[in-house]
Amino acid sequence: LAQALAILALEHSPAAQSPTLNKLPFAIMGKVAKGGKKVAAAPLSDKKKKAGTKTNPLFEKRPKNLRLGGDIQPKRDLTRYVKWPKYVRLQRAKRIMLMRLKVPP
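Residues numbered from 1 in each chain as written. Predicted model: local features only at pLDDT ≥ 70, side-chain atom pairs only at ≥ 80, totals over all residues. Heavy atoms only, no water.

## Considering the overall build of the protein chain
- For the protein chain, the count of helices and strands is five helices and zero strands.
- Secondary structure elements in the protein chain, listed N-terminal to C-terminal, are α-α-α-α-α.
- The burial tally for the protein chain puts 8% of its 105 residues in the buried class.
- With the model as given, the accessible surface of the protein chain reaches about 10900 Å², and the carbon-plus-sulfur share is 63%. (Helix = DSSP H or I, 4+ residues; strand = E, 2+ residues; numbered from the N terminus. Buried < 20%, exposed > 50% of the residue type's maximum accessible area, 1.4 Å probe, protein only. Areas by Shrake-Rupley, 256 points an atom, 1.4 Å probe, with all protein chains shown as cover.)

## Considering the packing of aromatic side chains
- All chains considered together, the criterion is met by zero aromatic pairs.
- Looking at R92, its charged tip hangs above the ring of W84, at a distance of 4.6 Å from the centre. (Phe/Tyr/Trp six-rings, centres within 6.5 Å; stacked < 30°, edge-to-face > 60°. Lys NZ or Arg CZ within 6 Å of the ring centre and 35° of its normal.)

## Focus: helix α5 (residues 86-102)
- Between its first and last C-alpha atoms α5 spans 25 Å; for 17 residues at 1.5 Å apiece the expected length is 24 Å, and the two agree.
- α5 sits mainly on the outside: one of its 17 residues count as buried. (Expected span 1.5 Å × (residues − 1).)

## Observations concerning the environment of R89
- Along the chain, R89 turns up in helix α5.
- Not counting chain neighbours up to four residues away, the residues in contact with R89 comprise K83 and W84. (Contact = heavy atoms within 4.5 Å.)

Keep in mind these values describe shape, not function.
Here it is in structure tokens:
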């Protein structure tokens, strides 16, 4: 903020027409200024904020709809579609066969 105010003050001063002072905003970004002192660079958080402002309109962030028919599907019982071990399949098939034998044709 202080750097931005310094730049605005320099732009509105009568000496702003000189070519040496027009290069001063580039010196503020971390290079050596006119006096020979090195000015501190801007913090990284400012760069992240500026980079984050560019958003693609195709990928807009919308809040999740957690109601019925929303994004998240309900949990389903998928045990029928599991490949069971062979001994489990055999004992189930045996039980069904014995039940069918008891039923009169």
